[in-house]
Amino acid sequence: MNTKYVKGELQVKALENGTVIDHIPANKLFKVVEILQLEQIPNEVTIGNNLASKRMGKKGIIKIADRFFEEKEINRIALIAPNAKINIIRDYQVTEKKIIELPDHFKGIVKCVNPKCITNNEAMESRYDVLSKTPLVLKCPYCQREIREEELQLL
Amino acid sequence: MSYSSLVSITDYSKEQMLHILKLAAGFEANPNQDILQGKVAATLFFEPSTRTRLSFETAINRLGGRVIGFSDASTSSSTKGETLKDTIKMVSNYADIIIMRHFLEGAARYATEVTDIPIINAGDGANQHPTQTMLDLYSIQKTQGRLDKLKIVMVGDLKYGRTVHSLLMALMHFSPTFYFIAPEELLMPNEYKLICRENNIPYYEDSVFGPEVIEQADIIYMTRIQKERFTDLVEYEKVKNLYILHNYMLNDSKNNLRILHPLPRVNEISQDVDDNPKAYYFEQARNGLYVRQAIISHALGLV
Ligand SMILES: [Zn+2]
């Protein structure tokens, strides 16, 4: 997989080493920044948004220099950017492409839809079991409520 | 989570349920024992429920244990803004086991994550009340002589009624046949019907509470239909009298039939049923004592 990472193809400056997250829905770009806690890292981060995309109309892209995410970490964005593409760059070359996959269990990100749920009333992290990926069905292990894609509220 | 906690009825395997029922029968035969001597149990009732609290505290007292706690959140530190986590951690310093009732759903599950002592869920909002389910099972086993292959009729509010949902889950292990009798607005939720189908448990649904279903029943489990559950009050007025059990309706029922109800009742079981030997709801409540004795001693690893 030694595709040459052509300058201009991604409409932003080429990266020597690091991670490129491409095909992020434009309206979810800053949510991805937040979930990956990119505002807290010292690395060089380049963000492009509302870039033209044949497939998506408008898309967002994030390039993080010298940072390689663990699968568990990067999969946290699966809920909001399920079709995002992860390219691992080493020495200007795409050395690995990763597909985002929603894990079977995850913490945070989503707010339980039940106002009487303990997670909405106590300073604690929510967590979910993924009952089904398509269509998306989550279950809050605390109050047992099932949450469907159309009722999903991000924290 | 400490393995001895009881938050949801699904925390128990079939074997554990049967074990608890066996222990409970032992406590019924001999309710005063000293197995909790030297132990302190905390009953934390963030939401008041005198009935449930007295049952638990009697269970502890009859086993020689001591009780600390509060019966109402307004007298507890949670009204001063203390988090549930802090309250549980503080009480864990003093008690060997916590029995808690809370108005928030999932509170007991969260409590198990912040302490190492066993947590017994005595009700968390509309979510779970597993000791009620165990006393229901005990009552069924005691009156029928078995749990397997019974015809169980559930009547009333099957949509919001947590007791019927938990009982349904517990009975999954015992090949029942279910009859769900409810008005259109309060039908058994699909997720529970799906669980029945996945476990090959036959169920019938009807909005008519009539002789056909009563004559077949081994157990009729009555629940209250609350006005607040209806979006359309005209609909409530139409159905409110259709799910009331009167004594004459039991004329052709089976001899072994018993009527259960989680109590308190309002008017869904007419007073004239009370003297029928098939009425079992008052004894059912008393069984809660033995079952809670069994659950507490088991959670502490003492039996
Ligand atoms: Zn919840």
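Everything numeric here is computed off the predicted structure, so don't read it as measured data.

Visitor: Whenever I open this one, the overall build of chain A confuses me. Can you help?
Guide: When you go through chain A residue by residue, the secondary structure sums to two helices and 11 strands. Beginning at the N terminus, the succession of helices and strands in chain A can be written as β-α-β-β-α-β-β-β-β-β-β-β-β. Here the C-alpha coordinates of chain A stretch approximately 50 × 30 × 25 Å along the principal axes. The proportion of buried residues among the 155 residues of chain A is 47%. Long-range pairs, those at least 24 residues apart, make up 60% of the contacts in chain A between residues at least 6 apart in sequence. Counting every atom, chain A has about 8500 Å² of accessible surface; 48% of that belongs to carbon and sulfur. Chain A carries 25 positive and 21 negative side-chain charges, and their two centres are separated by 4 Å.

Visitor: Would you take a moment to explain the overall build of chain B for this structure?
Guide: Looking only at helices and strands, chain B has 10 helices and nine strands in total. Scored against the burial criterion, the 303 residues of chain B give a buried share of 57%. Within chain B, contacts between residues separated by at least 24 positions form 72% of all contacts whose residues are at least 6 apart in sequence. Summed over its atoms, the accessible surface of chain B is roughly 13000 Å², and 47% of this surface lies on carbon and sulfur atoms. Averaging the locations of the 31 positively and 36 negatively charged side chains of chain B gives two centres separated by 4 Å.

Visitor: Is there a simple way to explain the sheet that holds strand β7 (residues 203-206) of chain B in this structure?
Guide: Within a sheet, adjacent strands bond to each other through the backbone by hydrogen bonds, running parallel or antiparallel. All names here are of chain B. In space, the five strands of this open sheet follow the order β7-β6-β5-β8-β9, with parallel pairing throughout. Bordering the open sheet on either side are β7 and β9 (258-260), each of which pairs with just one other strand. Geometrically, the sheet is characterised by an average inter-axis angle of 20° between neighbouring strands, direction not taken into account. Examined bridge by bridge, strand β8 (residues 219-222) and β9 share three bridges and lie parallel to one another. Its bridge partner being in β9, Ile219 is matched across the sheet by Arg258.

Visitor: For this particular structure, what's the right way to read helix α7 (residues 190-198) of chain B?
Guide: Helical geometry note: an α-helix holds 3.6 residues per turn, so side chains three or four residues apart project in the same direction. Residue and element names in this part refer to chain B. For α7, the full list of buried residues reads Tyr192, Lys193, Ile195 and Cys196. When α7 is viewed along its axis, its buried side chains cluster within an angular range of 155° and face the same direction. Across α7 from its buried face, at more than 90 degrees, point the exposed residues Asn190 and Glu198. Elements that come into contact with the buried residues of α7 comprise α6 (162-171), β6 (177-181) and β7. Of the residues trailing α7, Asn200 is marked for its positive phi of about 55°.

Visitor: Explain a nonpolar patch on the surface here, please?
Guide: Judged by side-chain polarity, Ile68(B), Met90(B) and Tyr94(B) come together as a nonpolar surface patch covering roughly 280 Å² of accessible area. Turning to its location among the elements, Ile68(B) is positioned in strand β2 (residues 66-70).

Visitor: Explain the coordination of the zinc ion here, please?
Guide: Ideal geometry at a metal gives 109.5 degrees between four tetrahedral donors and either 90 or 180 degrees between six octahedral ones. Residues and elements named next belong to chain A. Around the zinc ion, the protein contributes the donor atoms Cys112 (SG), Cys117 (SG), Cys140 (SG) and Cys143 (SG), at 2.3 to 2.4 Å from the metal centre. Viewed at the metal, the four donor atoms of the zinc ion are separated by angles of 98 to 119°, and the geometry they form is tetrahedral. Of note, the donors binding the zinc ion are all from one chain and are spaced C-x4-C-x22-C-x2-C. The burial state of Cys140 is the same as that of Cys143; both residues are buried.

Visitor: What's the story with the nonpolar core in this structure? I'm lost.
Guide: As a rule of thumb, nonpolar side chains are buried together in soluble globular proteins. In terms of nonpolar packing, the biggest core is built from 59 residues, with Ile21(A), Ile62(A), Phe106(A), Ile118(A), Leu44(B), Ile98(B) and Met100(B) touching the most fellow members. Considering each element in turn, this core owes the most residues, five residues, to helix α4 (residues 107-114) of chain B. Judged by nonpolar contacts, the second largest core, of 57 residues, contains Ile20(B), Phe45(B), Leu167(B) and Ala182(B).

Visitor: Help me understand the interface of chain A and chain B in this model?
Guide: Where interface size is quoted, it is often the accessible area lost as the parts come together. Contacts between chain A and chain B engage 14 residues on the former and 14 residues on the latter. Across the chain A to chain B interface the summed buried area is about 1200 Å²; carbon plus sulfur atoms make up 48%. Sorting the residues of chain A by area buried against chain B places Lys116(A), Glu122(A) and Tyr142(A) first, and these three jointly supply 44% of that buried surface. Of the charged contacts in the structure, one is a salt bridge between Arg127(A) and Glu113(B), with a shortest N-O distance of 2.4 Å. Linking chain A with chain B are eight residue pairs in polar contact (both at pLDDT 80 or more). Broken down by class, the residue content of the side of chain A that touches chain B amounts to seven nonpolar, three polar and four charged.

Visitor: It is not clear to me how the confidence of the model for chain B should be interpreted in this structure. Could you clarify?
Guide: Where the model shows low pLDDT, its predicted coordinates should not be examined in detail. In the predicted model, chain B carries a mean pLDDT of 94, and the fraction of residues at 70 or more is 97%. Among the scores for the predicted complex, ipTM is 0.88 and pTM is 0.86.

Visitor: Looking at this structure, I do not really get the pairing of strand β2 (residues 45-53) of chain A. What am I missing?
Guide: Every regular strand shows the same layout, with side chains that alternate between the two sheet faces. Residues and elements named next belong to chain A. Both β2 and strand β3 (residues 57-65) contribute to a ladder of seven bridges, which runs antiparallel. Considered in β3, the bridge of Gly48 is made with Ile61. Taken together, β2 and the strand that follows it, β3, pair antiparallel across an intervening segment of three residues.

Visitor: How should I be thinking about unusual backbone geometry in this particular structure?
Guide: Across the chain, the bulk of peptide bonds are trans and the bulk of non-glycine residues have phi less than zero. A cis amide bond links Thr134(A) to the next residue, Pro135(A), at an omega of -5°. Relative to the assigned elements, Pro135(A) resides in the loop between β8 (127-132) and β9 (137-139). In this model, Leu263(B) is joined to Pro264(B) through a cis peptide bond whose omega is 0°. Its place among the elements puts Pro264(B) in the loop between β9 and α10 (281-299). One non-glycine residue with positive phi stands out, namely Asn50(A), at about 60°. Mapped onto the elements of the fold, Asn50(A) is located in strand β2. The class of Asn50(A) is partly exposed, set by a relative accessible area of 46%.

The rules we used
- Residues numbered from 1 in each chain as written.
- Chains lettered and ligands numbered in written order.
- Predicted model: local features only at pLDDT ≥ 70, side-chain atom pairs only at ≥ 80, totals over all residues.
- Heavy atoms only, no water.
- Helix = DSSP H or I, 4+ residues; strand = E, 2+ residues; numbered from the N terminus.
- Buried < 20%, exposed > 50% of the residue type's maximum accessible area, 1.4 Å probe, protein only.
- Contact = heavy atoms within 4.5 Å.
- Areas by Shrake-Rupley, 256 points an atom, 1.4 Å probe, with all protein chains shown as cover.
- Lys, Arg positive; Asp, Glu negative; His and termini not counted.
- Charge placed at Lys NZ, Arg CZ, Asp CG, Glu CD.
- Pairing = 2+ DSSP bridges.
- Axes fitted to C-alpha atoms, helices over the stretch in contact; angles between N-to-C directions.
- Arc of directions from axis to C-beta.
- Patch = residues over 30% accessible without salt bridge, like charges linked within 9 Å, V, L, I, M, F, W, Y side chains within 5 Å.
- Salt bridge = Lys/Arg side-chain N within 4 Å of Asp/Glu carboxyl O.
- Donors = N, O, S within 2.8 Å, 3.2 Å for Na, K, Ca; no water.
- Tetrahedral: all angles 85-135°; square planar, octahedral: opposite > 155°, others 65-115°.
- Core = buried A, V, L, I, M, F, W, Y, C linked by side-chain atoms within 4.5 Å.
- Buried area = accessible area lost by both parts, 1.4 Å probe.
- Polar contact = N/O pair within 3.5 Å; in protein donor to acceptor, adjacent residues only side chain to side chain.
- Nonpolar A, V, L, I, M, F, W, Y, C, P; charged D, E, K, R; others polar.
- pLDDT = per-residue confidence, 0-100.

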